[in-house]
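Residue strings, one per chain:
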Amino acid sequence: MTRGPGVTAMFATCVPGLGPLVRRQLDELPGVSTTGAGFDGRADIVLFEAERDQRGATLELRTAEDVFVEVSRALRSDGDSPRPIAGRIWQPQRVQRALSIWAEEVRPLTASMTFRVIARVLTEKAFLRTDLRQQLDQAVRADRPRWRFADPARLEVWVSEYAAGRFVAGLRLSDAEMRQHGGRDTERRGALRPTVAAAMVQLAGPAGGTLLDPCCGAGTILAEARAAGWAAHGSDIDPGAVEIARRNVPGAQLRAGDARRLALPDGAAGACVSNLPFGRQYEVQGHSDGWLSAVLGEMARVTRPGGFVVLLAPAIARNAAPDSLRLRQRIPIRLLGTRTTIWAYHRG
Ligand SMILES: C[S@@+](CC[C@H](N)C(=O)[O-])C[C@H]1O[C@@H](n2cnc3c(N)ncnc32)[C@H](O)[C@@H]1O
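Note that this is a predicted model, so its numbers are computed, not measured.

## Description of the overall build of the chain
Moving on, step 1. Secondary structure assignment for the chain yields 10 helices and 15 strands.
Moving on, step 2. For 348 residues, the compact-globule formula gives about 20 Å, and the C-alpha radius of gyration of the chain, at 22 Å, lands near that figure.
Moving on, step 3. Projected onto the principal axes, the alpha-carbon positions of the chain cover approximately 65 × 40 × 35 Å.
Moving on, step 4. A total of 348 residues make up the chain; the buried ones form 42% of that total.

Next comes the structure, spelled out in structure tokens:
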């Protein structure tokens, strides 16, 4: 691969299904262009190049889980066994280059670093994922005898089979802060992954006025709404959830209430964004089809024409939404191995 001076090869991981959205956001950053994408069995992977002074901006992306500086790539077709793959990945000159970028973005290098290797493969037909991890671990130790294994480690070396037969390896630049977005002061079961909440808020369009989450739970969507510049309003049928959201999102307006009867005038919200109470953790009162029609009807009523209603739910029947809501995007995602979908409706 040839690239201009000052341009860094990098990659980002995100929740499965969010790859295209992360790709679009990266391409919108000046000095950043995406070069490919894939899926490694656990996460979507987006490959990109960034100019030196734009690397930091990619670490600010709220929809990505992690960002890496690329070390190298390898193909199964050049020899499909773990040792040669590890050898092609851990090329000392390339590693040195990636390490100097890690040092610029994360912290200065010390002679005795702690490290660990994470390996993901799409198939274990030719060899096991753990075999690749061990071989890469040995290649690292041979090159850097003073480094020690630790978990957690200062430096994480990742290798992912991001498309059948294609590996990309990198050093992790991000830390847990990237995907936790500051964390929640108070946890509550069923709370949403912040990167998914950020994607949903992103799909509601540019901030304009009030964003309402009428099933707000711990307030994850409201926190993202505030970060994006919205005035955040939340409600939940459970007063305990409202208390937790109040602690987690001090700037939001919150009240207890039923999403089937919203206490807002027509057109008062610029957008409604919500993780609906379906799935393993929550059940709705009454029949779920009737519940959904009532809630969608209320969301359509309080959202101003031109605004968006963005929902997370495994299924929404076409006739559950009123005529004023037009389905614009349907994004299947996987959360903790479970399939669900982000539905983005335009309020006509
Ligand atoms: C999946 S959780 C939301 C989780 C939230 N996004 C978070 O990150 O914590 C769904 C929420 O809907 C609430 N809920 C259930 N029925 C409701 C109703 N009729 N009106 C309002 N909220 C309701 C539940 O109390 C629960 O907090």
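## Some details on the packing of helix 7 (residues 194-203) against helix 8 (residues 220-227)
Moving on, step 1. Running from N to C, helix 7 and helix 8 point in directions that differ by 55°, and their axes come no closer than 8 Å. The angle between helix 7 and helix 8 places the two elements in the oblique class. As helix 7 runs across helix 8, the sense of the crossing is right-handed. When helix 7 is examined against helix 8, the residues Pro194, Ala197, Ala198, Met200 and Val201 are found in contact with a partner set consisting of Thr220, Ile221, Glu224 and Ala225.

## With respect to the domain arrangement of the chain
Accessible area lost when the parts come together is the quantity often used to give the size of an interface.
Moving on, step 1. Parsing the chain into structural domains produces domain 1 (7-178) and domain 2 (185-347).
Moving on, step 2. The C-alpha-based centres of domain 1 and domain 2 are spaced at 34 Å.
Moving on, step 3. Taken together, the contact between domain 1 and domain 2 spans 10 residues of the former and 13 residues of the latter.

## Topic: the site of the ligand
Moving on, step 1. Contacts to the ligand come from 21 residues, most closely from Cys215, Gly217, Ala218, Thr220 and Ala259.
Moving on, step 2. Looking at the shell around the ligand residue by residue, the classes come out as 12 nonpolar, 4 polar and 5 charged.

## So, the nonpolar core
Moving on, step 1. In terms of nonpolar packing, the biggest core is built from 100 residues, with Ile89, Leu136, Met200, Val273 and Val310 touching the most fellow members.
Moving on, step 2. Filtering out sequence-adjacent residues up to four positions away, Leu136 remains in contact with Ala86, Ile89, Trp90, Val117, Ala119, Val157 and Val159.

## Topic: the sheet that holds strand 15 (residues 338-347)
Moving on, step 1. Taken in spatial order, the 7 strands make up an open sheet running 11-10-9-12-13-15-14, and their pairing is mixed. Edge strands, defined here as strands with exactly one partner in the open sheet, are strand 11 (253-256) and strand 14 (325-335). Across the sheet, the mean angle from the axis of one strand to that of its neighbour is 15°, orientation sign disregarded.
Moving on, step 2. Relative to strand 10 (residues 231-236), strand 9 (residues 210-213) is paired through 4 bridges, and the arrangement is parallel. Bridge pairing in strand 10 places Thr210 opposite Ala231.
Moving on, step 3. Contacting strand 10 and strand 11, helix 9 (residues 239-248) crosses the sheet at an angle of about 165° to strand 11.

## Observations regarding helix 8
Moving on, step 1. By the criterion of burial, helix 8 is predominantly enclosed, with 6 of the 8 residues buried.
Moving on, step 2. Looking at helix 8, one finds that the buried residues are Thr220, Ile221, Leu222, Ala223, Glu224 and Ala225.
Moving on, step 3. Just downstream of helix 8, Gly229 is the residue with a positive phi angle, here 105°.

## Structural notes on the sheet that holds strand 5 (residues 114-120)
Moving on, step 1. The strand order 2-3-1-4-8-7-5-6 describes an open sheet built from 8 strands, whose pairing is mixed. Bordering the open sheet on either side are strand 2 (32-39) and strand 6 (148-149), each of which pairs with just one other strand.
Moving on, step 2. Two strands pair when backbone bridges link them, and strand 4 (residues 66-75) and strand 8 (residues 166-172) are joined in this way by 7 bridges, in the antiparallel orientation. When the sheet's bridge partners are listed, Phe68 is paired in strand 8 with Arg172.

## Brief notes about helix 5 (residues 129-143)
Moving on, step 1. Between its first and last C-alpha atoms helix 5 spans 21 Å; for 15 residues at 1.5 Å apiece the expected length is 21 Å, and the two agree.
Moving on, step 2. For helix 5, every residue scored as buried is listed here: Leu132, Arg133, Gln135, Leu136, Ala139 and Val140. Taken end-on, helix 5 shows its buried residues confined to a sector of 170°, consistent with a single buried face. Looking at helix 5, the residues exposed on the side facing more than 90 degrees away from the buried face are Thr130 and Ala142.
Moving on, step 3. Against helix 3 (82-89), strand 5 and strand 7 (155-163) lie the buried residues of helix 5.

## A short note on the pairing of strand 3 (residues 44-51)
Moving on, step 1. Taken across its 8 residues, strand 3 has 6 buried, putting it largely inside the fold.
Moving on, step 2. When strand 1 (residues 7-14) meets strand 3, the two strands line up antiparallel, connected through 8 bridges. Across the sheet, the residue bridging to Val7 is Glu51, located in strand 3.
Moving on, step 3. Bridge analysis of strand 2 against strand 3 gives 7 bridges, and the strand direction is antiparallel. Paired with Gly36 across the strands is Leu47, a residue of strand 3.
Moving on, step 4. Here strand 2 folds back onto strand 3 in antiparallel fashion, the turn holding 4 residues, of which Gly41 has a positive phi close to 95°.

## Some thoughts on the environment of Trp343
Moving on, step 1. Take Trp343: it is sitting in strand 15.
Moving on, step 2. Judged by the 23 C-beta atoms lying within 10 Å of it, Trp343 falls in the buried class.
Moving on, step 3. When the C-alpha atoms of Trp343 and Leu312 are compared, they prove to be 6.3 Å apart, with 31 residues separating the residues in sequence.
Moving on, step 4. Discounting residues that sit within four places of it in the chain, Trp343 has contacts with Leu311, Ala313, Ile316, Leu327 and Arg330.

Rules behind the numbers
Residues numbered from 1 in each chain as written. Predicted model: local features only at pLDDT ≥ 70, side-chain atom pairs only at ≥ 80, totals over all residues. Helix = DSSP H or I, 4+ residues; strand = E, 2+ residues; numbered from the N terminus. Rg over C-alpha atoms; globule rule 2.2 N^0.38 Å. Buried ≥ 20, exposed ≤ 12 C-beta atoms within 10 Å, placed from the backbone. Axes fitted to C-alpha atoms, helices over the stretch in contact; angles between N-to-C directions. Parallel < 35°, antiparallel > 145°, perpendicular 65-115°, else oblique. Left-handed = near helix turned anticlockwise from the far one by under 90°. Contact = placed C-beta atoms within 7 Å. Domains from an automatic or database assignment. Near = placed C-beta within 6 Å. Nonpolar A, V, L, I, M, F, W, Y, C, P; charged D, E, K, R; others polar. Core = buried A, V, L, I, M, F, W, Y, C linked by C-beta atoms within 7 Å. Pairing = 2+ DSSP bridges. Expected span 1.5 Å × (residues − 1). Arc of directions from axis to C-beta.

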